[in-house]
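Here is how the chains run, residue by residue.
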Amino acid sequence: MLGLLFLLLPVAMGYGWFMGRNSVKQNNHSAQQELSIKYSTGLNYLFSNQQDKAIDYLLEALKVEDDTVEAHFAMANLFRRRGELDRALKVHEHLVRQKHLPNSAKQQAVFELAKDFLSAGLYDRAEDMFHKLLKSKIYGLKSLTSLMQIYQSTKDWKQGIALKKAIAKTRDTKLLHTLANFYCELATSALEKDEFIEVIELLDNALSHDPNSSRANWLMAQIYENHQQYNEACQCYKAIYEQDKEFFPDVIEKMFLCYQALNAEKEFFKFIRKVYEETGSTSALIMYLSHIEQAKGGSHAKTFILTALKRRPTIRGFKHFVKMQMDGNQSENTADNLEVIRELVTAYLNVKHRYSCRTCGFNSSTHYWSCPSCHDWEQLKPIRGLDGE
């Protein structure tokens, strides 16, 4: 009898294991069935455009497990797109508190939470979150970019400059360009106080991080002009031409005054002729015409501008041509007609924008170093084509 008991013991244990396993399966099946019902109900609400009820059901169905993390992120992003930042914040904060999640998911949760704070205008809290990710291989560069956006919005240039070592390590050209403009912002304030040494140091730093910053050379030229160092100013203006030919038309007149102070107009017009031949700039053309008119007479200047307008017609060039015709010996009726034409062209140009952002296409009659629309630096440049250069 005892032997039979020992023989039946393994069978009993096996039966117990089988029944227990079956019970777990039934529980899992019940849980999955309940989860499926919640998902189905949520989707039905979603398809019937009852989005609030749909989101509530889908959230209730989600539990923070490794295989539902992506569903949480998707749900929070949906909240953010709908402008429901309070809900997005709750989901992301809940994810951040989960200790069992893998490091990549935790970093993603922190980054998304920082974006929520940024969207809500809570810059100080967003700043704290982004700082936590500066050493992250995945989110380090994105966090740096976001921090610089925050400091640009708050005009906290020194805080942005404090990140210069981290930015230099990334070698990201856009971040380096932004950093250079932060230095330029501080230099602008120093220039207003005529602090010569500080302006030069700040702009040297700007150019060391971004050698293509035309704004840095533009400011450098201003401080040199203020101290009558015209030769140095001229070198800065020449550097601008090499850095950004599209922006150069805005500095031509200032450059001419510097060469004039040095009694070096001949050298200036030689350079401007080169600029016109390489770019076809209307501003360069008009400036060079004054030299032709003075050196060879009005007839040569008119022949030159007619050839230029056939090559590359612009409204500004035509306006100058009309002005040259008015300056000649004309009958009273002809002079009156030309004056009407000139006024019409002037009125047309006055309503046209002078600058266009090369990044987003924003148009403006006023120049800004930071585009008011997309906030990119040094992208607002004179318009090219019939209505511009």
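Scroll up to find the structure this text is about.
Described in the following lines is the structure provided in the data block. Small disclaimer: the values here were computed from a predicted structure and weren't measured.

### Things to note about the overall build of the chain
Within the chain, the regular secondary structure consists of 19 helices and three strands. A buried classification covers 41% of the 389 residues belonging to the chain.

### Re the pattern of salt bridges
Tallied over the entire structure, the rule returns 16 salt bridges. In this structure, the salt-bridge partner of Lys115 is Glu112, at a minimum N-O distance of 3.8 Å. Here the residue Lys115 and the residue Glu112 both occupy positions in helix α5 (residues 103-119), the gap between them amounting to three residues, near one helical turn. Overall, Lys115 belongs to the partly exposed group, its relative accessible area being 30%. On the basis of relative accessible area, Glu112 is assigned to the buried category, the value being 10%.

### Section: the packing of aromatic side chains
As enumerated under the stated definition, the model contains 17 aromatic pairs in all. A centroid spacing of 5.9 Å and a plane angle of 65° characterise the contact between Phe111 and Phe130, whose relative ring orientation is edge-to-face. Taken as a pair, Phe111 in helix α5 and Phe130 in helix α6 (residues 123-132) lie far apart in primary sequence, 19 residues in all. Owing to a relative accessible area of 7%, Phe111 belongs among the buried residues under this scheme. A connected cluster of aromatic rings, assembled from ring pairs, spans Phe256, Tyr259, Phe268 and Phe269. Directly above the aromatic system of Phe271 lies the positively charged group of Lys238, at a separation of 5.5 Å from the ring centroid. Lying across the ring of Tyr241, Lys245 places its NZ or CZ 4.6 Å from the centre.

### Overview of the sheet that holds strand β2 (residues 363-364)
Across the sheet, which stays open at both edges, the three strands sit in the order β2-β1-β3 with antiparallel pairing between neighbours. Of all strands in the sheet, those with a lone pairing partner are β2 and β3 (380-382), marking the two edges. Here strand β1 (residues 355-357) pairs with β2 via two bridges, running antiparallel. Residue Tyr355 lies in a different strand from β2, and its bridge partner there is Ser364.

### A look at empty space enclosed by the protein
Summed over the entire model, instances satisfying the criterion amount to one cavity of 30 Å³ or more. Looking at the largest cavity, its volume works out to about 40 Å³. Every residue lining the largest cavity is listed: Tyr276, Gly280, Thr282, Leu285, Ala308, Leu309, Arg312 and Thr314. Counting residues per element, the ones that place at least two in the lining of the largest cavity are α16 (282-296) and α17 (298-311).

### Points about a positive patch on the surface
On the surface, a cluster of positive charge is made up of Lys135, Lys164, Lys165 and Lys169. Take Lys165: it is sitting in helix α9 (residues 164-170). The exposed category is assigned to Lys165, whose relative accessible area is 67%.

### Observations concerning the nonpolar core
Counting residues in hydrophobic clusters, the biggest one holds 78 residues, and the most contacted among them are Ile167, Leu203, Phe248, Phe268 and Ile272. Looking at this core, the element that brings in the most residues is helix α10 (residues 173-192), giving eleven residues. With residues near it in sequence (within four places) discarded, Ile272 still touches Phe248, Ile252, Ala284, Met287 and Tyr288. In terms of nonpolar packing, the next biggest core, distinct from the first, is built from eleven residues, Phe73, Met75, Val91 and Leu95 among them.

### Notes on the layout of surface pockets
Reported here for the largest pocket is a volume of approximately 550 Å³. What lines the largest pocket is a set of 21 residues, among which Gln149, Gln152, His375, Asp376 and Trp377 lie closest to the centre. At the level of elements, α7 (140-154) and α10 are the ones that each hand at least two residues to the lining of the largest pocket. A breakdown of the residues in the lining of the largest pocket according to their chemical character gives seven nonpolar, nine polar and five charged.

### Concerning the side chain of Glu127
The residue Glu127 is located in helix α6 in this model. For the buried residue Glu127, which engages in no salt bridge, the nearest side chain bearing the opposite charge is Arg125, 11 Å off.

### Some details on the packing of helix α14 (residues 252-261) against helix α15 (residues 265-279)
Two numbers describe how α14 lies on α15: the axes approach to 8 Å, and their chain directions differ by 150°. When the axes of α14 and α15 are compared, the pair comes out roughly antiparallel. When you trace α14 past α15, the crossing you get is right-handed. Two secondary-structure elements touch here, α14 through Ile252, Met255, Phe256, Tyr259 and Gln260 and α15 through Glu265, Glu267, Phe268, Phe269, Phe271 and Ile272.

### Focus: the packing of α5 against α6
Closest axis-to-axis distance for the α5/α6 pair is 8 Å, and the angle between their directions is 160°. Taken together, α5 and α6 sit at an angle that is classed as roughly antiparallel. The two elements α5 and α6 meet at a crossing, and its hand is left-handed. The residues of α6 that touch α5, namely those facing Val110, Phe111, Leu113, Ala114, Lys115, Phe117 and Leu118, are Tyr123, Arg125, Ala126, Met129 and Phe130. Classifying every residue of the contact of α5 with α6 by side-chain character gives ten nonpolar, no polar and two charged.

### Quick word on unusual backbone geometry
A positive phi is found at Lys155, a non-glycine position, where the angle reads about 55°. Position of Lys155 among the secondary structure elements: in the loop between α7 and α8 (157-161). The exposure class of Lys155 is exposed, given its relative accessible area of 59%.

Procedures and definitions
Residues numbered from 1 in each chain as written. Predicted model: local features only at pLDDT ≥ 70, side-chain atom pairs only at ≥ 80, totals over all residues. Heavy atoms only, no water. Helix = DSSP H or I, 4+ residues; strand = E, 2+ residues; numbered from the N terminus. Buried < 20%, exposed > 50% of the residue type's maximum accessible area, 1.4 Å probe, protein only. Salt bridge = Lys/Arg side-chain N within 4 Å of Asp/Glu carboxyl O. Phe/Tyr/Trp six-rings, centres within 6.5 Å; stacked < 30°, edge-to-face > 60°. Lys NZ or Arg CZ within 6 Å of the ring centre and 35° of its normal. Pairing = 2+ DSSP bridges. 1 Å grid on protein atoms, 1.4 Å probe; cavity = no way out; pocket = protein on both sides within 12 Å on 5 of 7 lines; lining within 4 Å. Points joined across faces, edges and corners; volume = space filled by probe spheres on them. Patch = residues over 30% accessible without salt bridge, like charges linked within 9 Å, V, L, I, M, F, W, Y side chains within 5 Å. Areas by Shrake-Rupley, 256 points an atom, 1.4 Å probe, with all protein chains shown as cover. Lys, Arg positive; Asp, Glu negative; His and termini not counted. Charge placed at Lys NZ, Arg CZ, Asp CG, Glu CD. Core = buried A, V, L, I, M, F, W, Y, C linked by side-chain atoms within 4.5 Å. Contact = heavy atoms within 4.5 Å. Nonpolar A, V, L, I, M, F, W, Y, C, P; charged D, E, K, R; others polar. Axes fitted to C-alpha atoms, helices over the stretch in contact; angles between N-to-C directions. Parallel < 35°, antiparallel > 145°, perpendicular 65-115°, else oblique. Left-handed = near helix turned anticlockwise from the far one by under 90°.

It is worth stressing that arrangement in space is one thing and function is another; only the former is reported here.
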